[in-house]
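Now for the letters of each chain:
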Amino acid sequence: QVQLVESGGGLVQPGGSLRLSCAASGNIASINYMGWYRQAPGKQRELVASITSGGNTNYADSVKGRFTISRDKGWNTLYLQMNSLKPEDTAVYSCKAVVITIVPLDSNDYWGQGTQVTVSS
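Rules used throughout
Residues numbered from 1 in each chain as written. Predicted model: local features only at pLDDT ≥ 70, side-chain atom pairs only at ≥ 80, totals over all residues. Heavy atoms only, no water. Salt bridge = Lys/Arg side-chain N within 4 Å of Asp/Glu carboxyl O. Helix = DSSP H or I, 4+ residues; strand = E, 2+ residues; numbered from the N terminus. Buried < 20%, exposed > 50% of the residue type's maximum accessible area, 1.4 Å probe, protein only. Disulfide = S-S within 2.5 Å. Core = buried A, V, L, I, M, F, W, Y, C linked by side-chain atoms within 4.5 Å. Contact = heavy atoms within 4.5 Å. Pairing = 2+ DSSP bridges. Axes fitted to C-alpha atoms, helices over the stretch in contact; angles between N-to-C directions.

Enquirer: Is there a simple way to explain the pattern of salt bridges in this structure?
Expert: For the structure on display, the rule yields 5 salt bridges. Residue Arg-38 is joined to Glu-46 by a salt bridge in which the shortest nitrogen-to-oxygen separation is 2.7 Å. When the shortest N-O distance is used, the salt bridge between Asp-89 and Arg-38 registers 3.0 Å. Of this pair, Asp-89 sits in the loop between β8 (77-82) and β9 (91-101) while Arg-38 sits in strand β4 (residues 28-39), and the two are 51 residues apart along the sequence. The exposure class assigned to Asp-89 is buried, which follows from its relative accessible area of 1%. The exposure class of Arg-38 is buried, given its relative accessible area of 6%. Residues participating in the shared-partner salt-bridge network are Arg-38, Glu-46, Arg-66 and Asp-89.

Enquirer: Just to check I follow, could you spell out the state of the cysteines for this structure?
Expert: Defined simply, a disulfide is a covalent bond joining two cysteines at their sulfur atoms. One pass over the full model with this rule turns up 1 disulfide. What pairs with Cys-22 in a disulfide is Cys-95, and their sulfur atoms sit 1.9 Å apart. A torsion of 45° about the S-S bond marks the disulfide between Cys-22 and Cys-95 as right-handed. Separated by 73 residues along the polypeptide, Cys-22 in strand β3 (residues 18-26) and Cys-95 in strand β9 bring together distant segments of the chain. With relative accessibility at 0%, the residue Cys-22 sits in the buried group. Residue classification places Cys-95 among the buried positions, given a relative accessible area of 0%.

Enquirer: Before we go on, may I ask you to explain the nonpolar core in this structure?
Expert: One recurring pattern in soluble globular proteins: nonpolar side chains tend to sit buried together. Formed by 32 residues in total, the largest nonpolar core has its most connected members in Met-34, Trp-36, Leu-80, Met-82 and Tyr-93. At the level of secondary structure, the elements contributing two or more residues to this core comprise β1 (2-7), β3, β4, β5 (46-52), β7 (67-71), β8, β9 and β11 (115-119). No other element matches the 5 residues that β9 contributes to this core. Apart from residues lying up to four places away in sequence, Met-82 is in contact with Gly-16, Ser-17, Leu-18, Leu-20, Arg-66, Phe-67, Tyr-93 and Val-117.

Enquirer: How should the pairing of β8 be read in this particular structure?
Expert: Remark: a regular strand shows side chains that alternate across the two faces of the sheet. Across the 6 residues of β8, 5 count as buried, placing the element largely inside the fold. As judged from the 6 bridges shared by β3 and β8, these two strands associate in the antiparallel manner. The residue bridging Leu-20 from the neighbouring strand is Leu-80, located in β8. When β7 meets β8, the two strands line up antiparallel, connected through 5 bridges. In the strand pairing of β8, Ser-70 is matched with Tyr-79. Remark: 5 residues form the turn of the hairpin made by β7 and β8, two consecutive strands paired antiparallel; Trp-75 in that turn has positive phi of roughly 60°.

Enquirer: How should the sheet that holds β3 be read in this particular structure?
Expert: Each strand in a sheet pairs with its neighbour through backbone hydrogen bonds, running either in the same direction (parallel) or in the opposite one (antiparallel). Ordered in space as β1-β3-β8-β7, the 4 strands form an open sheet in which the pairing is antiparallel. Taken across any chain shown, the strands that pair with only one partner, and hence form the sheet edges, are β1 and β7. Between one strand axis and the next, the sheet turns by 15° as a mean value, whatever way the strands run. Across 6 bridges, β1 lies against β3 in antiparallel orientation. Pairing of Leu-4 across the sheet is with Ala-24, part of β3.

Encoded structure:
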């Protein structure tokens, strides 16, 4: 089994900052991809930012220059630094990982449970 646990969400005023974390654990041989996704009420889930095992990053246009995705060297923890937050950033943020497990030797997508981010004055 693989577990992804997010933390760091909360209520913040417009212009404020939050840092989300996603801790990965379990039957992990390697992680090829990790990403942050968000879903606002009444909207489809969208990619916010992603990072590959090679360190390549990708951002949604709406968050470029404000959000930064990063990971620790061991791929144990994924981060999302969110600055200059706007009300439209309000959503449930979830992390996703493409994990190669040890036993069985296989590749699957895993998701965390999500963390609420609310930007409001």
